[in-house]
Amino acid sequence: MADLSTAFGGLRLPNPVIAASCEYTMTEPGILACIDAGAGAVVAKSINESPAAAKQLDIADYLLLDQDLHAVPWTSAHGTETLFNRSGLAQTTLEEWVAMLERCQRHASATGSAVIGSVTVASAEGAARLAAAMAEVVPAIEVNVGAPHGREAAAVRQITEAEGVAHYTRTVRAAIDCPLIVKLPGQAGDIVGMARAAAGNGADAVCLTGRFNGFVPNLDTWDPELGSWGAIGGPWALPISLYWISKCFGTVPALIGTNGARDGLDVARFLLSGAQAVEMASLLLSNGAAALARTISQLDAYLDQHGVTRLDEVIGAAVRRAKEYHEIDPIVPPVRPWLDN
Ligand SMILES: Cc1cc2nc3c(=O)[nH]c(=O)nc-3n(C[C@H](O)[C@H](O)[C@H](O)COP(=O)(O)O)c2cc1C
């Protein structure tokens, strides 16, 4: 069995499979279930200082879609569906939230796992204040500056340029001493520049990438699914997330992958692309915490098959083998597979 442990910013996790911030990690039973399933860490559902962001949860709605963009019942989810939704933030007082995180972290400590407090940003000052309060009881903080809902709801902000990332990171960094993860959007111009701005202003790890904004008309009713725009992600997003992870590999102290991983082999793909850990939400929501345990076993079996003893041996291995276009020799005869049809 390979040593699955991974570390960033002084935080050591027993394995790289992290339960991502989402509605499943919004409650104490949900967080504890992820810890008991063996998650390397659990990122709690995000909070922010705006009551409107929490109120947003009152209009949250969730749809699983198959490959043809038809709705799939949640009871028959395979875990490979596309998840289209509106979401809001946790509805609780800061005091109650911190007390809940503290109880969960006590449980996590017993297994070497960790609970990570999360803010999806409104103002930088608000994020810093909430991060400082949570950092009293948890060993790390994640700040999401890239929530897709920021394009639709005024209560959260989506930052899409390096200067803004620098400002939010610097402000939160000044308020906390523990490891800081900054989570960036998937829809932005210079994501590598944004990752550098986060690292240059005190982030210990950068999480890439947030999900995308989507719009899905129903062909029978002509209504948009969910009646609005929403956030969307699926297995199809994986190569895009891997692209940005691979492009940021080596430029920041540590990378955490998210958006598109659905099993242990996808986690291996993230590691090979340069991530040190992987955050998973959709699989957790559609198939429950037991799916995290299966993911860890599958990763373990994959690494065994390849004779890997430590994660360092795989992290970034595929990036080191990647060639720039200009390094590739002409292919003779030229590749024309469509002529075979
Ligand atoms: C319903 C839902 C709610 C989410 N809420 C949050 C959140 O509060 N904070 C956050 O940083 N990310 C949030 N996310 C993003 C996830 O943490 C994760 O990064 C994203 O879903 C991509 O991973 P996946 O492909 O495994 O779903 C949410 C995702 C979903 C699907």
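Reading the values: the criteria
Residues numbered from 1 in each chain as written. Predicted model: local features only at pLDDT ≥ 70, side-chain atom pairs only at ≥ 80, totals over all residues. Heavy atoms only, no water. Pairing = 2+ DSSP bridges. Helix = DSSP H or I, 4+ residues; strand = E, 2+ residues; numbered from the N terminus. Axes fitted to C-alpha atoms, helices over the stretch in contact; angles between N-to-C directions. Parallel < 35°, antiparallel > 145°, perpendicular 65-115°, else oblique. Left-handed = near helix turned anticlockwise from the far one by under 90°. Contact = heavy atoms within 4.5 Å. Nonpolar A, V, L, I, M, F, W, Y, C, P; charged D, E, K, R; others polar. 1 Å grid on protein atoms, 1.4 Å probe; cavity = no way out; pocket = protein on both sides within 12 Å on 5 of 7 lines; lining within 4 Å. Points joined across faces, edges and corners; volume = space filled by probe spheres on them. Buried < 20%, exposed > 50% of the residue type's maximum accessible area, 1.4 Å probe, protein only. Arc of directions from axis to C-beta. Near = heavy atom within 4 Å. Polar contact = N/O pair within 3.5 Å; in protein donor to acceptor, adjacent residues only side chain to side chain. Areas by Shrake-Rupley, 256 points an atom, 1.4 Å probe, with all protein chains shown as cover.

### Re the pairing of strand β5 (residues 61–65)
Note that β5 and strand β7 (residues 82–86) share five bridges and pair antiparallel. Looking across to β7, one finds that L65 is bridged to T82. Relative to strand β6 (residues 71–72), β5 is paired through two bridges, and the arrangement is antiparallel. Each bridged residue has a counterpart across the sheet, and for L65 the counterpart in β6 is A71.

### Notes on the packing of helix α1 (residues 28–36) against helix α3 (residues 94–109)
Packed helices, taken two at a time, are described by their axes: the angle between them and the distance between them. Direction vectors running N to C along α1 and α3 enclose 15°, while the axes themselves pass 10 Å from each other. Taken together, the axes of α1 and α3 are roughly parallel relative to one another. α3 is crossed by α1, and the crossing has right-handed handedness. Residues E28, I31, L32, I35 and D36 of α1 lie in contact with α3, whose contacting residues are M100, R103, C104, H107 and A108. Partitioning the contact of α1 with α3 into residue classes produces six nonpolar, one polar and three charged.

### Points about empty space enclosed by the protein
What the rule picks out here adds up to one cavity of 30 Å³ or more. In this structure, the largest cavity spans a volume of roughly 580 Å³. In terms of lining, the largest cavity is formed by 41 residues, of which the most central are S21, C22, N144, K183 and R211. Across the lining of the largest cavity, the residue classes tally to 15 nonpolar, 19 polar and seven charged.

### As for α1
Along α1, the residues that are buried comprise G30, I31, C34 and I35. In a view along the axis of α1, the buried residues occupy a sector of 135°, so they form one face of it. Turned more than 90 degrees away from the buried face of α1, the exposed residues are P29 and D36. Here the buried face of α1 lies against β3 (17–19), β4 (41–43), α3, β8 (115–120), α9 (282–287) and α10 (290–305).

### Here's the deal with the site of the ligand
For the ligand, the set of nearby residues contains 24 residues, the closest of which are S21, S46, T258, G260 and S282. Backbone polar atom of S21 to an oxygen atom of the ligand: 2.7 Å apart, as the coordinates give it. Burial of the ligand by the surrounding chains reaches 95%, relative to a free accessible area of 610 Å². Broken down by secondary-structure element, the contributors of at least two residues to the shell around the ligand are β7, β15 (277–280) and α9. Taken together, the residues of the shell around the ligand break down into eight nonpolar, 10 polar and six charged.

### Quick notes on the sheet that holds β8
If you trace the eight strands once around the closed barrel, you get β3-β4-β8-β9-β10-β11-β14-β15, paired in parallel fashion. Between one strand and the next, the sheet's axes are offset by a mean angle of 25°, whatever the strand orientation. Bridging between strand β10 (residues 180–183) and strand β11 (residues 205–208) involves three bridges; their strand directions are parallel. Bridging from a neighbouring strand, I181 pairs with A205 of β11.

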